[in-house]
Amino acid sequence: MSSDQTETARPSRPRASEEITSGFPEAGPPRFESIDAVRTGLAGVDYLADDGISGVVYLADRLAKPVLVEGPAGTGKTELAKSVARLTGSRLIRLQCYEGLDESKALYEWNYKKQLLRIQADAGQSWEQLEEDIFSEEFLLTRPLLEAIKSKEPVVLLIDEIDRVELETEALLLEILSEYQVSIPELGTVRASQIPLVFLTSNNTRELSEALKRRCLYLHIDYPGLERERAIIETRVPGISQALADQVARIVRSIRSLDLKKAPSVSETLDWARTLVVLGVESIDAEQAKDTLHILLKYRSDIDRASKELAGLDTSG
Ligand SMILES: Nc1ncnc2c1ncn2[C@@H]1O[C@H](COP(=O)(O)OP(=O)(O)OP(=O)(O)O)[C@@H](O)[C@H]1O
Ligand SMILES: [Mg+2]
């Protein structure tokens with residue numbers, strides 16, 4: 001298909017009941033050669049993926065399936081979508097989810113003010129003519145999901161923190177996730193002209209619906225292993241020495257093994273490493289580690305527990 005098809009066969013505009021809307025958008029050429037190409041490509045935009053992550057991204061493209069990314073906070077879920085957009089030179093369209101998010105903010109909304117002005121400006125017109133006019137694309141305000149479907153350029157669609165919306169709101173997504181189209185009762189069905197890469201992220205604060213899960217590939221991103229976290233630190237913290245990056249990664253790893261209210265995330269590891277660089281620390285001793293623990297941990301009880309542990313820790317690894 002050469003352009004997005006808004007099925008407005010004027011003057012007989014299709015009604016919801018008349019829509020015949022199946023038909024999957026044509027898949028474009030594959031974005032990635034191989035799983036390895038995904039991993040090296042992502043590394044080129046400073047995102048260090050393991051085999052699991054690169055494999056799912058590769059499959060998402062080949063199978064034209066959305067990816068549901070779950071895992072603890074700050075482990076690179078959102079960053080993955082951003083990095084894939086950068087890597088593929090796609091436009092990133094982001095829908096940040098929150099409680100109370102509805103259709104008018106996620107999909108589309110009619111521009112009532114403009115419709116009203118149009119009605120006033122043309123008082124002499126027949127109602128049929130007017131209706132035809134005011135329910136046309138010109139009067140539609142597109143929100144992120146419709147925007148992603150309508151886009152002619154390649155798109156990465158990020159639906160961030162999907163677990164924050166109510167279960168019922170999830171239903172808004174199902175049509176897009178399985179068929180890459182949006183049905184607008186007054187207008188018809190808008191189909192994608194290209195299949196966007198879609199990432200949904202969740203912190204797992206509630207169970208997502210089976211219907212949503214079924215439509216997606218599943219990716220769990222956990223805390224990275226020692227090697228990968230060290231490499232992430234070296235990539236993301238300018239001016240850090242290999243030795244310090246190694247030490248930071250080891251200490252964070254040992255802190256994560258404690259029974260904490262909230263384990264340090266990768267983003268907190270990076271904040272801590274940046275702090276140490278700013279302070280001119282070349283090698284961390286237990287005292288310095290204790291003094292800067294508030295960057296890594298956000299609960300008093302966690303800081304106390306980690307301080308005790310660090311006192312006995314050989315920070316040289
Ligand atoms: N694999 C990685 N390679 C490079 N940087 C990473 C990686 N994983 C995480 N990061 C860094 O960690 C930061 C936090 O990641 P991100 O915001 O994507 O986490 P998140 O999983 O979306 O967290 P939240 O659940 O709190 O939204 C990123 O800005 C990035 O700097
Ligand atoms: Mg996030």
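All values derive from a computational prediction rather than experimental measurement.

Cut-offs and rules
Residues numbered from 1 in each chain as written. Chains lettered and ligands numbered in written order. Predicted model: local features only at pLDDT ≥ 70, side-chain atom pairs only at ≥ 80, totals over all residues. Domains from an automatic or database assignment. Contact = placed C-beta atoms within 7 Å. Pairing = 2+ DSSP bridges. Helix = DSSP H or I, 4+ residues; strand = E, 2+ residues; numbered from the N terminus. Near = placed C-beta within 6 Å. Nonpolar A, V, L, I, M, F, W, Y, C, P; charged D, E, K, R; others polar. Axes fitted to C-alpha atoms, helices over the stretch in contact; angles between N-to-C directions. Parallel < 35°, antiparallel > 145°, perpendicular 65-115°, else oblique. Left-handed = near helix turned anticlockwise from the far one by under 90°. Core = buried A, V, L, I, M, F, W, Y, C linked by C-beta atoms within 7 Å. Buried ≥ 20, exposed ≤ 12 C-beta atoms within 10 Å, placed from the backbone.

1. Some words on the domain arrangement of the protein
A common way to state how big an interface is: give the accessible area lost once the parts meet.
Moving on, step 1. Domain boundaries in the protein define domain 1 (5–107 + 143–220) and domain 2 (226–311).
Moving on, step 2. With eight residues of domain 1 at the contact, the number on the domain 2 side is nine residues.

2. So, the pairing of strand β2 (residues 67–70)
Moving on, step 1. Relative to strand β9 (residues 197–202), β2 runs parallel, the two being bridged by four bridges. Looking across to β9, one finds that V69 is bridged to T201.
Moving on, step 2. Two strands pair when backbone bridges link them, and β2 and strand β10 (residues 217–220) are joined in this way by four bridges, in the parallel orientation. Considered in β10, the bridge of V69 is made with L219.

3. Remarks on the site of ligand 1
Moving on, step 1. Neighbouring ligand 1 are 18 residues, the closest being A73, G76, K77, T78 and E79.
Moving on, step 2. Of all the secondary structure elements, the ones that give two or more residues to the shell around ligand 1 are α3 (77–88), α10 (226–236) and α12 (266–278).
Moving on, step 3. Of the residues that constitute the shell around ligand 1, the class distribution is seven nonpolar, seven polar and four charged.
Moving on, step 4. Composition of the shell around ligand 1 by domain shows at least three residues from each of domain 1 (5–107 + 143–220) and domain 2 (226–311).

4. Points about the packing of helix α1 (residues 35–44) against helix α2 (residues 51–63)
Moving on, step 1. Across the interface, α1 lies against α2 with an axial gap of 8 Å and an inter-helix angle of 110°. What the angle tells us is that α1 and α2 run roughly perpendicular. Crossing hand, α1 versus α2: right-handed. The segment α1 lies against α2, with I35, V38, R39 and L42 engaging D51, S54, G55, V57 and Y58.
Moving on, step 2. In terms of residue class, the contact of α1 with α2 is made up of five nonpolar, two polar and two charged.

5. A word on the packing of α10 against α12
Moving on, step 1. Taken N-terminus to C-terminus, the directions of α10 and α12 make an angle of 55°; their axes are 10 Å apart at the nearest point. The orientation of α10 with respect to α12, classified from their angle, is oblique. Here the hand of the crossing between α10 and α12 comes out right-handed. The residues of α12 that touch α10, namely those facing E229, I232, I233 and R236, are V266, T269, L270 and A273.
Moving on, step 2. For the contact of α10 with α12, the class distribution of residues is five nonpolar, one polar and two charged.

6. Thoughts on the nonpolar core
Moving on, step 1. One finds V67, L145, I149, I159, I233, V248 and A273 to be the most contacted residues of the largest nonpolar core, which totals 76 residues.
Moving on, step 2. For this core, the element with the most residues is helix α11 (residues 242–256), which contributes seven residues.
Moving on, step 3. Looking at which domains feed residues into this core, each of domain 1 (5–107 + 143–220) and domain 2 (226–311) supplies at least three.
Moving on, step 4. Residue contacts for I159: discarding those within four places in its chain leaves L95, C97, L173, V198 and L200.

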